[in-house]
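# Architecture at a glance
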Amino acid sequence: MSEAVGFVGLGHMGLPMAHNLLRAGYRLRVYNRTPAKAAALAEQGAELVGRPADVAAPGGIVITMVANDQALEAVTLGADGFGEQLGPGGVHLSMSTVSPAIAQRLAAHYQARGAAYVAAPVFGRPDAAAARKLWVCTSGPQAAKERVRPVLDALGQGIFDFGAAPEAAHVVKVAGNFLIVSAMEAMAEAFTLAEKHGIERGQIASMLAQTIFACPIYQNYGKMIAEETYAPAGFRLALGAKDLNLVLDAASTARVPMPFASLLHDRMLSALAKGRADMDWTAVGLAVSEDAGLK
Ligand SMILES: NC(=O)c1ccc[n+]([C@@H]2O[C@H](COP(=O)([O-])OP(=O)(O)OC[C@H]3O[C@@H](n4cnc5c(N)ncnc54)[C@H](OP(=O)(O)O)[C@@H]3O)[C@@H](O)[C@H]2O)c1
């Protein structure tokens, strides 16, 4: 029997990931702010606890898959957080998309207590999480990364390491998400251009995805944007807006002008202002259609 692992955050991503850990034979102690979401996991043998602090065992591993920096801070350093519970030898495996700043803060907190922070954000949507097809980027102390490797192997199809700095993998993740939103905006503009010239959106999307843009982002998001299926959300637009904020913050800190990121940030803001926070983040494509007089 594998060791017990703590798991915090059972949203669109966390729930299928936790299921896969149970299937792989890990004993799980889980916490979710809304406990009802843990019911199915509890039926399959996970232990549901009432506070984030209760998922941690001294020297153990705790995974977080929560929404954003505020949530991560609450479940670690908040009144009921597990930040003091991990203890010497413990590892916080931080898989949410969060800021470099909170990664550095948590890494320093754990280092002072003999524990470790391993950044392990992921690429792949909930269906990829369910199919154990996530791509994982890691950074942090070497020994801790080696210890959590079997856990990550149970969650994804590949691990790419970016060294010791706690924030490095998070920078890679937000840079990757910037590329995805850029591709979504570009596809929405291209498909809308075609549509207004009497060409079916699905036809141009399919041709490009089979030929010069034959890669998962263009194939999967291209289909959604061509079909304009912006709900239900696999990745909520509110979280996409959060990621654009993380990109612009990181760009500002490092003094990297990213004019296209600023434009995409405005697209997200506009979508939020129109009440689209809970649509999929592909709904940035709706604004492209609206601007072209199609909606
Ligand atoms: N969805 C994707 O395709 C995808 C892909 C790669 C990475 N990510 C990243 O993965 C993370 C999770 O995404 P998701 O799509 O699973 O989000 P989600 O469905 O919105 O779930 C968010 C989780 O965070 C918890 N949470 C939010 N605020 C909290 C707080 N203040 N205190 C404690 N818990 C809190 C939620 O608890 P409740 O259930 O109580 O609301 C829920 O468990 C995010 O950082 C996201 O950017 C998502």
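Criteria and cut-off values
Residues numbered from 1 in each chain as written. Predicted model: local features only at pLDDT ≥ 70, side-chain atom pairs only at ≥ 80, totals over all residues. Heavy atoms only, no water. Near = heavy atom within 4 Å. Polar contact = N/O pair within 3.5 Å; in protein donor to acceptor, adjacent residues only side chain to side chain. Areas by Shrake-Rupley, 256 points an atom, 1.4 Å probe, with all protein chains shown as cover. 1 Å grid on protein atoms, 1.4 Å probe; cavity = no way out; pocket = protein on both sides within 12 Å on 5 of 7 lines; lining within 4 Å. Sits in = over half its atoms within 2 Å of the grid points. Helix = DSSP H or I, 4+ residues; strand = E, 2+ residues; numbered from the N terminus. Nonpolar A, V, L, I, M, F, W, Y, C, P; charged D, E, K, R; others polar. Domains from an automatic or database assignment. Points joined across faces, edges and corners; volume = space filled by probe spheres on them. Salt bridge = Lys/Arg side-chain N within 4 Å of Asp/Glu carboxyl O. Buried < 20%, exposed > 50% of the residue type's maximum accessible area, 1.4 Å probe, protein only. Contact = heavy atoms within 4.5 Å. Pairing = 2+ DSSP bridges. Right-handed = clockwise from strand over helix to strand, strands pointing away. Phe/Tyr/Trp six-rings, centres within 6.5 Å; stacked < 30°, edge-to-face > 60°.

### Re the site of the ligand
Lining the immediate surroundings of the ligand are 26 residues, of which H12, N32, T34, K37 and K242 lie closest. Backbone polar atom of L10 to an oxygen atom of the ligand: 3.1 Å apart, as the coordinates give it. In the complex, 89% of the free accessible area of the ligand, which totals 910 Å², lies under the protein chains. Most atoms of the ligand, that is more than half of them, are within 2 Å of grid points of the largest pocket. Residue assignment for the shell around the ligand shows that the elements contributing at least two residues are α3 (69–76) and α10 (237–253). Of the residues in the shell around the ligand, the class split is eleven nonpolar, nine polar and six charged. Looking at which domains feed residues into the shell around the ligand, each of domain 1 (4–164) and domain 2 (171–291) supplies at least three.

### Digging into the layout of surface pockets
Here the largest pocket defines a volume of roughly 1400 Å³. For the lining of the largest pocket, the secondary-structure elements that each account for two or more residues are α3, β7 (122–123), α5 (126–130), α7 (168–196), α9 (216–227) and α10. Residues of the lining of the largest pocket, tallied by class, amount to 27 nonpolar, 14 polar and nine charged. Split by domain, the residues of the lining of the largest pocket number at least three in each of domain 1 (4–164) and domain 2 (171–291).

### Considering the pattern of salt bridges
All told, the structure shown has 15 salt bridges when counted by the stated rule. Residue R267 is joined to E185 by a salt bridge in which the shortest nitrogen-to-oxygen separation is 2.8 Å. Remark: E185 occurs in helix α7 and R267 occurs in helix α11 (residues 259–273); sequence separation between them is 82 residues. Each member of the pair R267 and E185 is classed as buried. Three or more residues joined by partner-sharing salt bridges are found here, namely R51, D54 and D80.

### Description of the environment of A129
Mapped onto the secondary structure, A129 falls in helix α5. Separated by 81 residues in sequence, A129 and L48 place their C-alpha atoms 21 Å apart. If we skip the residues at most four places from it in the chain, A129 touches M13, P16, M17, N20 and L134.

### Some points on the pairing of strand β8 (residues 134–138)
Burial analysis of β8 places four of its five residues in the buried class, the great majority of the element. Note that β7 and β8 share two bridges and pair antiparallel. The residue of β8 that forms the bridge with V122 is V136. Regarding topology, helix α6 (residues 142–153) serves as the crossover connection from β8 to the parallel strand β9 (residues 156–161), and that connection is right-handed.

### Some remarks on the side chain of R125
Residue position: R125 is located in the loop between β7 and α5. R125 sits in the buried class, given a relative accessible area of 18%. At 3.3 Å, the side chain of R125 forms a polar contact with the side chain of Y221. Those residues in contact with R125 that lie beyond four places of it in its chain are M13, L134, Y221, M224, G234, F235, D280 and W281.

### Regarding the packing of aromatic side chains
Applying the stated criterion to the full structure yields four aromatic pairs. Through a chain of ring-to-ring contacts, the aromatic side chains of Y221, F235 and W281 assemble into a single cluster.

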